[in-house]
Amino acid sequence: MQLKHRFVLPLALVLSAVMLYPVAFSLWISLHDYRLTRLNDVRWVGFDNYTFIATDPGFLNAMGNTITFVIGAVTLELILGLGLAILLQRLVRFQNFIRSILLAPMFITPIAVGLMFRFLLNSELGVISHYLDAIGITIDWFGPQLALFSIILIDVWQWTPFMVLMFLAGLESLPKSPFEAARIDGASAWLTFRAITLPMLRPVITVAIIIRALDAFKVFEYVFAITRGGPGDATETIMYYIYQTGFRFFRMGEAAAAAFMLIGVILVLVIALVRATRSNSEVQNDV
């Protein structure tokens, strides 16, 4: 037992240094008027930073944009990923080749994806806009009305493969006997999917939604590479707001407070999602 403790203790110390210390220091910063331009004059302000951030229109707008982005992107990725996974599972020929093609976008750096689509969708020089103009369709992808939706589509393009990967693993792990019984009973494909596949796949769907939602809340690269939060503040997300507050305006205390408030929002949403899924599972088990 003592030998095990000798191996665990160094690991615990490393994890504490890497994880706990930055979190504790960020919490300390959030309770102080900590500015990079005057490090010799750090003052205790208590929860004033949290009060200011909670009532700041910029923070509220950024949080609204972020929640809209998360809901839109994760919903589209869920629908497309599940549909593609079912099609790939039934595919007989070229299955591995098509899987590799579909998974390729997931391995590209997000900042590179943002720069790529910045040029592809450019209203004057973009290839996509050029061919749309040729057939009489003019779309300002990064205008005030469509900018956030365009960022959502870019995220869907890159991260739908993650959903496909998760759902393929889930589909291939499902037992075969319920599907064979449904086929013998003459159940249609839609009924089989709704009554058997979807309920059995619900734990995988929950995990996939939580993982993608947590990652989507951190969206920064697309905004930084393409719109810089514009036009106006139409695409300013919470991570870009924190970046600007901390590293452009040097108000690190307010940036740290915004980060902890984001953590609180994410925890509430994750707990609500897990409880809702658990409640649905309990209802189905009772039935």
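What you see is a predicted model; the values in this text were computed from it and never measured.

1. What to know about the overall build of the protein chain
Next up, step 1: The helix and strand tally for the protein chain stands at 12 helices and 2 strands.
Next up, step 2: Ordered by position from the N terminus, the helices and strands of the protein chain form the series α-β-β-α-α-α-α-α-α-α-α-α-α-α.
Next up, step 3: Restricting to contacts in the protein chain with at least 6 residues of sequence separation, those with at least 24 account for 68%.
Next up, step 4: Summed over its atoms, the accessible surface of the protein chain is roughly 17200 Å², and 68% of this surface lies on carbon and sulfur atoms.

2. A closer look at the packing of aromatic side chains
Next up, step 1: Applying the stated criterion across every chain yields a total of 14 aromatic pairs.
Next up, step 2: Judged by centre distance (5.8 Å) and plane angle (50°), the rings of Phe-47 and Tyr-50 are tilted.
Next up, step 3: When its relative accessible area of 15% is taken as the criterion, Tyr-50 is described as buried.
Next up, step 4: Consider the rings of Phe-220 and Phe-224, whose centres lie 5.5 Å apart with planes at 20°: the pair is stacked.
Next up, step 5: Classification of Phe-220 by relative accessible area gives partly exposed; the value is 22%.

3. Topic: the environment of Leu-11
Next up, step 1: You can see Leu-11 is positioned in helix 1 (residues 2-30).
Next up, step 2: A relative accessible area of 53% places Leu-11 in the exposed class.

4. So, helix 11 (residues 238-248)
Next up, step 1: Of all the residues in helix 11, the buried ones are Ile-238, Tyr-240, Tyr-241, Ile-242, Gln-244, Thr-245 and Gly-246.
Next up, step 2: Looking at the residues trailing helix 11, positive phi occurs at Phe-250, about 65°.

Basis of the calculations
- Residues numbered from 1 in each chain as written.
- Predicted model: local features only at pLDDT ≥ 70, side-chain atom pairs only at ≥ 80, totals over all residues.
- Heavy atoms only, no water.
- Helix = DSSP H or I, 4+ residues; strand = E, 2+ residues; numbered from the N terminus.
- Contact = heavy atoms within 4.5 Å.
- Areas by Shrake-Rupley, 256 points an atom, 1.4 Å probe, with all protein chains shown as cover.
- Phe/Tyr/Trp six-rings, centres within 6.5 Å; stacked < 30°, edge-to-face > 60°.
- Buried < 20%, exposed > 50% of the residue type's maximum accessible area, 1.4 Å probe, protein only.

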